[in-house]
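# Descriptive structure summary
In case you want the letters, here they are:
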Amino acid sequence: MTGESWGSHGVGYGRYTGGVSKTFYIETFGCQMNAHDSEKVIGTLEQQGYARVQDEVDAGLILYNTCSIRDKAEQKVFHRLNEYKKLQGEGKRFAVIGCVAQQEGEKIFEKAPYVSLVAGSASYRNLPEMLARLEAGETRITGLDDRQTDETFETEFTARSNPHRGYITIIEGCDKFCAYCVVPYTRGKERSRTAASVLVEARKMADMGFTEIQFLGQNVNSYRDPSGRMSFAELLVAVGEIEGVKRVRFTTSHPRDFTRDIVEAIDATPTLCDHIHLPVQSGSTAVLKAMAREYSREWYLERMSWIHGAKRDISITSDMIVGFPGETDADFEETITLLDAVKYDAVFAFKFSPRPNTPAVGMVDSIPEEVKTERLRILMDRQREIQREHYGRHLNEVQECMVESHNMARMQVVGRSTQNKTVNFVMGAGEVGMPPVGSYVPVRITKTLPNCLVGEALAVGPDAVRYVPVVRQPQFVVLN
Ligand code: 5AD
Ligand code: SF4
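Residues numbered from 1 in each chain as written. Chains lettered and ligands numbered in written order. Predicted model: local features only at pLDDT ≥ 70, side-chain atom pairs only at ≥ 80, totals over all residues. Heavy atoms only, no water.

### Some words on the pairing of strand E16 (residues 346–351)
Sheet topology places strand E15 (residues 315–322) next to E16; six bridges connect them, and they run parallel. Paired with Val-322 across the bridge in E16 is Lys-351. (Pairing = 2+ DSSP bridges. Helix = DSSP H or I, 4+ residues; strand = E, 2+ residues; numbered from the N terminus.)

### Some details on the packing of helix H12 (residues 329–342) against helix H13 (residues 369–390)
Two elements in contact, H12 and H13, have axes separated by 10 Å at closest approach and are oriented at 15°. On the basis of their axis angle, the class for H12 and H13 is roughly parallel. The handedness of the crossing between H12 and H13 comes out as right-handed. Residues Asp-329, Phe-332, Thr-335, Ile-336, Leu-339 and Asp-340 of H12 touch H13, and the partners they reach there are Arg-375, Ile-378, Leu-379, Arg-382, Gln-383 and Ile-386. Considering only residue class, the contact of H12 with H13 consists of six nonpolar, two polar and four charged. (Axes fitted to C-alpha atoms, helices over the stretch in contact; angles between N-to-C directions. Parallel < 35°, antiparallel > 145°, perpendicular 65-115°, else oblique. Left-handed = near helix turned anticlockwise from the far one by under 90°. Contact = heavy atoms within 4.5 Å. Nonpolar A, V, L, I, M, F, W, Y, C, P; charged D, E, K, R; others polar.)

### Considerations on the pairing of strand E17 (residues 398–407)
Two elements, E17 and strand E20 (residues 440–448), share five bridges in a ladder whose sense is antiparallel. Residue pairing in the sheet places Gln-399 in a bridge with Val-443 of E20. Alignment of E17 against strand E18 (residues 412–416), held across five bridges, turns out to be antiparallel. Within E18, the residue paired with Val-403 across the bridge is Gly-415. Here E17 folds back onto E18, and the loop between the two strands holds four residues, one of which, Met-411, carries a positive phi near 50°.

### A word on the pattern of salt bridges
In total, this model carries 35 salt bridges according to the counting rule given. A salt bridge links Arg-416 to Glu-404, with the nearest nitrogen and oxygen atoms 2.8 Å apart. Within this pair, whereas Arg-416 is found in strand E18, its partner Glu-404 is found in strand E17, the two being separated by twelve residues in sequence. Note on Arg-416: relative accessible area 18%, which makes it buried. Here Glu-404 falls in the partly exposed class, since its relative accessible area comes to 25%. Through salt bridges that share partners, Glu-27, Glu-56, Arg-80 and Glu-83 make up one connected network. (Salt bridge = Lys/Arg side-chain N within 4 Å of Asp/Glu carboxyl O. Buried < 20%, exposed > 50% of the residue type's maximum accessible area, 1.4 Å probe, protein only.)

### Some details on the nonpolar core
Among the nonpolar cores identified, the biggest contains 58 residues, and Ile-170, Phe-215, Leu-235 and Tyr-344 are the most heavily contacted of them. Counting residues in hydrophobic clusters, the runner-up holds 21 residues, among them Tyr-25, Ala-59, Phe-78 and Ala-112. (Core = buried A, V, L, I, M, F, W, Y, C linked by side-chain atoms within 4.5 Å.)

### Examining the confidence of the model for the chain
This prediction gives the chain a mean pLDDT of 90; 91% of its residues lie at or above 70. Contacts of residues 1–17 to residues separated by more than four positions or lying in other chains number 45 contacts, the stretch itself having pLDDT below 50. Counting interchain partners and residues more than four positions distant, the pLDDT-below-50 stretch residues 470–480 has 37 contacts. (pLDDT = per-residue confidence, 0-100.)

### Considering the sheet that holds strand E7 (residues 115–119)
Read across the open sheet, the six strands follow the order E4-E3-E5-E6-E7-E8; overall the sheet is parallel. The open sheet has two free edges, formed respectively by strand E4 (51–52) and strand E8 (141–143), since each of these has just one partner strand. With respect to the sheet, helix H1 (residues 32–47) is in contact with strand E3 (23–28), E4, strand E5 (61–66) and strand E6 (93–98), its orientation differing from that of E3 by roughly 175°. Against the sheet, helix H5 (residues 127–135) touches E5, E6, E7 and E8, its axis set at about 170° to E8.

### Regarding the state of the cysteines
Considering all chains together, one arrives at zero disulfides under this definition. Take Cys-181: it sits in no disulfide, and the sulfur closest to it among the cysteines is that of Cys-178, at 6.1 Å. Here Cys-181 falls in the buried class, since its relative accessible area comes to 13%. Free cysteine: Cys-273, not disulfide-bonded; nearest cysteine sulfur from Cys-401 at 12 Å. Residue Cys-273 is classed as buried on the basis of its relative accessible area of 3%. (Disulfide = S-S within 2.5 Å.)

### Observations regarding the environment of Ala-159
Structurally, Ala-159 can be placed in the loop between E8 and strand E9 (165–169). Here the alpha-carbon distance between Ala-159 and Gly-49, two residues 110 residues apart in the chain, equals 14 Å.

### Focus: helix H11 (residues 297–308)
Along its twelve residues, H11 runs 16 Å from first to last C-alpha, staying within 8% of the 16 Å computed at 1.5 Å per residue. Here H11 has its buried residues at Arg-297, Tyr-300, Arg-303, Met-304, Trp-306 and Ile-307. Next to the buried residues of H11 lie helix H9 (260–268), strand E14 (275–277), helix H10 (285–290), E15 and H12. (Expected span 1.5 Å × (residues − 1).)

### A few points about empty space enclosed by the protein
Using a probe with the size of a water molecule, rolled over the atoms, empty space left in the structure can be pinpointed. Using the criterion set out here, one finds two cavities of 30 Å³ or more in the structure. In terms of lining, the largest cavity is formed by Met-33, Asp-37, Lys-40, Ser-121, Tyr-124, Phe-153, Thr-169, Glu-172, Gly-173, Arg-187 and Arg-191. The biggest single contributor to the lining of the largest cavity is H1, with three residues. Of the residues contributing to the lining of the largest cavity, the split by class is three nonpolar, three polar and five charged. Here the lining of the largest cavity spans two domains, and each of domain 1 (3–143) and domain 2 (165–391) adds at least three residues to it. Of the voids in this model, the second largest cavity is the one considered here, and its volume is about 30 Å³. His-36, Lys-40, Phe-153, Glu-154, Thr-155, Thr-158, Thr-169, Arg-193 and Glu-201 are the residues that line the second largest cavity. (1 Å grid on protein atoms, 1.4 Å probe; cavity = no way out; pocket = protein on both sides within 12 Å on 5 of 7 lines; lining within 4 Å. Points joined across faces, edges and corners; volume = space filled by probe spheres on them. Domains from an automatic or database assignment.)

This is how it looks when you write it as structure tokens:
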């Protein structure tokens, strides 16, 4: 789920058009790209005069932003739509958007006839027109751009859910076609935004008080400025140099396209965060080949040596799949030895699940479920041990943390380090009150755990000026 939309905008609140109440409820699943798409969809709806409600019962339009990455996702969507069925009534409309919408297309109308709109992310730029048709009473509206489109979804109306840290999409779609992955089929072909438009959006966000900017893309490393002005690393640096920007992150990287200048840019630019998420998927060259990842274990380890050789302590995280068709015990062992060689700070590991339309769906899903489960357990156990040991390097360090929330029950502050680690800290002796969400606080690390750090805010004294978050007006980034 995305967080709360903040502020109220637009005109014609609660207006009724063609029997449809202009109120909406949105439910979001999936990756950060989906979360950010929802922020753009929410902004577009609000700009079109719709008001967001927090209870689906009160909504004229219910939107379901779906993910299809793993685990029979489409079945879950149809199950959820079945629950929506009982909400049916005069003036209620249902829309299925996102990756399952693109994947299942008009089949959704057959299985859930009360759905009126089915749209994949590559057609969101047509949302105002689709909404107008919905209001006119149409009940079979589709936005199912496949890999034909060259357009990106840029909107001046993005209802960002967090007022301090915001996403910017720099590249949409994917041309990699890894054998297991639905994304090239659900999000269309790769298309980059111009560096100029990314910079305009970043500057506006900085003016509004955002201090952290997160670049998003399925594969940010294959970013190509259509105007040819800037490489990905140059764009990172340019955003990092905007006044007011304190942190820049980016996700997701792909080893095939990952270049050394990204590490050099992090070394040279203090605002670029000390964290690279570089999914490897497997430590075995044979499995990587079957996955069509277009790199070998050695290729990946060379990129790791660039990062390990950096001046800064750059945290490395990864995604891994166990039980890909044909993965032998020896292949799996190579994944385990890779964990030891790289020393990741976090690993997101998944059991292979065959997805519709992908090449791997035609391969025999040869690894029994219990073997996949066992491999996943071994991997996570080993990784936990590595983290238990490796996080120890932070003991006694002073880390600047962005305050995310307060745990009043424990009188603790929850912050995030530049390496994207959670830091739970207490205030130093003589400090009164808690620093506001969005502020940055220097914290001495007093204890390390496998998944987070514990610390105490440095006592800076009553006269010290801490960074205080700006309260922004207006709420929308206006691109021009
Ligand atoms: N089965 C299992 N895991 C998958 N991922 C993507 N597709 C599949 C699949 N079919 C994982 C990859 C990717 C992460 C987002 O999800 O590790 O990096
Ligand atoms: Fe899910 Fe992939 Fe779509 Fe993101 S791009 S929502 S992870 S299927």
